[in-house]
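Inside the fold
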Amino acid sequence: MSLHSRYPALSDLKSRARQRMPKFVFEYLDSATGVEATQARNRAKLDEVLLMPSILHGEITADLSTSLFGRRYALPFGISPVGMSGLFWPDAERLLAQAATRHSLPYGLSTVASRTPEDLSPYVDGRGWFQIYPPRDPDIRADMLKRAKAAGFDTLVLTVDVPVASRRERQQRSGLTSPPRLTPRLLAQVATCPAWAMGTARLGMPRMRLIDEYADQVTGLSSTEHAGYLLRTSPDWDYLKALRDQWDGPLVVKGVLDARDVAPLEQAGVDGIWISNHAGRQFDGSISSIEALPQIRAATQLPLIFDSGIEGGLDICRALALGADFVMMGRAWHFALGALGEKGPDHLVDILQRDLQANLGQLGIKSLSELPNRL
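In short, a report on the structure.

Definitions and cut-offs
- Residues numbered from 1 in each chain as written.
- Predicted model: local features only at pLDDT ≥ 70, side-chain atom pairs only at ≥ 80, totals over all residues.
- Heavy atoms only, no water.
- Helix = DSSP H or I, 4+ residues; strand = E, 2+ residues; numbered from the N terminus.
- Buried < 20%, exposed > 50% of the residue type's maximum accessible area, 1.4 Å probe, protein only.
- Pairing = 2+ DSSP bridges.
- Phe/Tyr/Trp six-rings, centres within 6.5 Å; stacked < 30°, edge-to-face > 60°.
- Contact = heavy atoms within 4.5 Å.
- Salt bridge = Lys/Arg side-chain N within 4 Å of Asp/Glu carboxyl O.
- 1 Å grid on protein atoms, 1.4 Å probe; cavity = no way out; pocket = protein on both sides within 12 Å on 5 of 7 lines; lining within 4 Å.
- Points joined across faces, edges and corners; volume = space filled by probe spheres on them.
- Nonpolar A, V, L, I, M, F, W, Y, C, P; charged D, E, K, R; others polar.
- Right-handed = clockwise from strand over helix to strand, strands pointing away.
- Polar contact = N/O pair within 3.5 Å; in protein donor to acceptor, adjacent residues only side chain to side chain.

1. Details of the environment of glycine 361
Along the polypeptide, glycine 361 turns up in helix α19 (residues 344-363). Here the alpha-carbon distance between glycine 361 and serine 54, two residues 307 residues apart in the chain, equals 8.5 Å.

Structure follows, in structure tokens:
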């Protein structure tokens, strides 16, 4: 039986991943904050975006390629940075970076991932995006930026929608602590997931390796906290200016929902705006990302990147039709790894590519730039 017969959609990969990941791991990946209303709103508002099918347009094989920051990509989507990626599946960062390179996709690495930029340098082929959770110390910041650039991460992403830690109540109910500790309760869950358990035993329990390397430069760390809580700060406009002065590649600000922020961001010299509500993981009273997209598109000519709620090729079409230039996905790639291991990311690319072609064929579209005409 082919993979497409068993797992034709992302929802199938998610269901399989739920069976193969310990419960506390799946809950961490899948959960949002509060009553998860923002997460539900992302889905509901995407479903409200309707496109007009076309008739009598003959045979179509659409061109799915697009340009972003001077690079040409064969597909209009990439792999978002995800904190503690290696917890969701053993060696996730390396597997995803390799998959991104195979398919010429951008790969995003988080400051709080379980691998360092140097670990992934052999796999990103110079196409890496480094997401910085901003260090308070300017010397640490400068060192991080230098390391990321030297390791082949050419695009810097400043995440601005995490001014404080969110509570993520569902995640807390699962028993997961930060940093992760395998309590008897969690070990019982691990015992039911042999592939995850064996891979984790081989590599060791994931930790925030980049953050840990700077831990001796901060003080006042309690026994219940990891160094990231003391290392990070909530950035302001001056912080953004300092990053712009230090970074000579594309600079993207992630977590923008208000079109009123666009003009100051342009004045600060950013190269792209990433529309996101952190997939509902930060604030449960937020508008959906797709609701914010048209107003921000009307306010700028800068490249727009979109995330939050994407579940397939049709959702990618919806975002591009409303003005996004590119779409990034985070959870989806980890569901794919959880379902199929190393084969998962390639299968997800195939799912999304086929889904895009099918939907564009219904719309009578030969290139992605025509999507706004079908609203």
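Once the structure has been displayed, the description carries forward.
2. Looking at the pairing of strand β7 (residues 251-256)
Of all 6 residues in β7, 6 are buried; the element is thus mostly enclosed. Across 4 bridges, the pairing between strand β6 (residues 153-159) and β7 is parallel. What sits directly across from leucine 156, in β7, is leucine 251. As defined by bridge partners, β7 adjoins strand β8 (residues 272-275) across 4 bridges and the pair is classed as parallel.

3. What to know about the packing of aromatic side chains
Per the counting criterion, the structure on display carries 8 aromatic pairs. Geometrically, the ring pair formed by phenylalanine 77 and tryptophan 333 is tilted, given 6.3 Å between the ring centres and 35° between the ring planes. Here phenylalanine 77, found in strand β3 (residues 77-79), pairs with tryptophan 333, found in helix α18 (residues 331-340); they are 256 residues apart in sequence, far enough to count as distant. Across the pair, exposure class does not vary: phenylalanine 77 and tryptophan 333 are buried alike. Relative to tryptophan 274, the ring of tryptophan 129 has its centre 6.0 Å away and its plane inclined at 80°; by these criteria the two rings are edge-to-face. On the criterion of sequence distance, the pair formed by tryptophan 129 in strand β5 (residues 128-132) and tryptophan 274 in strand β8 is long-range, its members being 145 residues apart.

4. A closer look at the environment of lysine 366
Within the element layout of this structure, lysine 366 appears in the segment after α19. Taking relative accessible area as the criterion, lysine 366 reaches 54% and is therefore assigned exposed. Setting aside chain neighbours within four positions, we find lysine 366 in contact with Ile60, Ala62 and Asp63.

5. Regarding the pattern of salt bridges
This structure, assessed with the given rule, holds 22 salt bridges. When the shortest N-O distance is used, the salt bridge between aspartate 47 and arginine 43 registers 2.7 Å. Taken together, the positions of aspartate 47 and arginine 43, both in helix α4 (residues 37-47) and 4 residues apart, correspond to about one turn of that helix. Overall, arginine 43 belongs to the buried group, its relative accessible area being 18%. Residue aspartate 271 is joined to arginine 244 by a salt bridge in which the shortest nitrogen-to-oxygen separation is 2.7 Å. Within this pair, whereas aspartate 271 is found in the loop between α15 (262-267) and β8, its partner arginine 244 is found in helix α14 (residues 237-246), the two being separated by 27 residues in sequence. When salt bridges with common partners are traced through the structure, they connect Arg43, Asp47, Glu311, Asp315 and Arg318 into a single cluster.

6. Quick word on empty space enclosed by the protein
Taken as a whole and judged by the stated rule, the model has 2 cavities of 30 Å³ or more. Roughly 80 Å³ of internal volume is contained in the largest cavity. In terms of lining, the largest cavity is formed by Gly86, Pro90, Asp91, Glu93, Ser114, Arg115, Thr200, Leu203, Gly204, Pro206 and Arg209. When the residues that make up the lining of the largest cavity are grouped by side-chain class, the tally is 3 nonpolar, 4 polar and 4 charged. Considering only enclosed or pocket space, the second largest cavity measures out at about 50 Å³ in volume. Of all the elements in the fold, those that place two or more residues in the lining of the second largest cavity are α6 (92-102) and β4 (107-110). With 4 residues, the single largest contributor to the lining of the second largest cavity is β4. The residue makeup of the lining of the second largest cavity, split by class, is 7 nonpolar, 5 polar and 1 charged.

7. A look at unusual backbone geometry
Phi is positive for aspartate 91, close to 65°, though the residue is something other than glycine. The phi torsion at serine 104 lies on the positive side, around 55°, for a residue other than glycine. Tracing the backbone through its elements, the reader meets serine 104 in the loop between α6 and β4.

8. Comments concerning the pairing of β6
Taking burial as the measure, the 7 residues of β6 include 6 buried ones, the bulk of the element. Pairing of β5 with β6, which is carried by 5 bridges, proceeds in the parallel orientation. The partner of isoleucine 132 across the bridge, within β6, is leucine 158. For the handedness criterion, the β-α-β arrangement of β5, helix α8 (residues 138-150) and β6 is classed as right-handed.

9. Focus on the environment of histidine 278
Residue placement: histidine 278 occurs in the loop between β8 and α16 (289-299). By relative accessible area, which is 12% here, histidine 278 ends up buried. Separated by 31 residues in the primary sequence, histidine 278 and glycine 309 have C-alpha atoms spaced 9.6 Å apart. For histidine 278, the contacting residues outside a window of four places in its chain are Tyr133, Thr159, Asp161, Val162, Arg168, Lys254 and Ser308. Here the side chain of histidine 278 touches aspartate 161 through a polar contact of 3.0 Å, side chain to side chain.

Shape descriptors only; they carry no functional weight alone.
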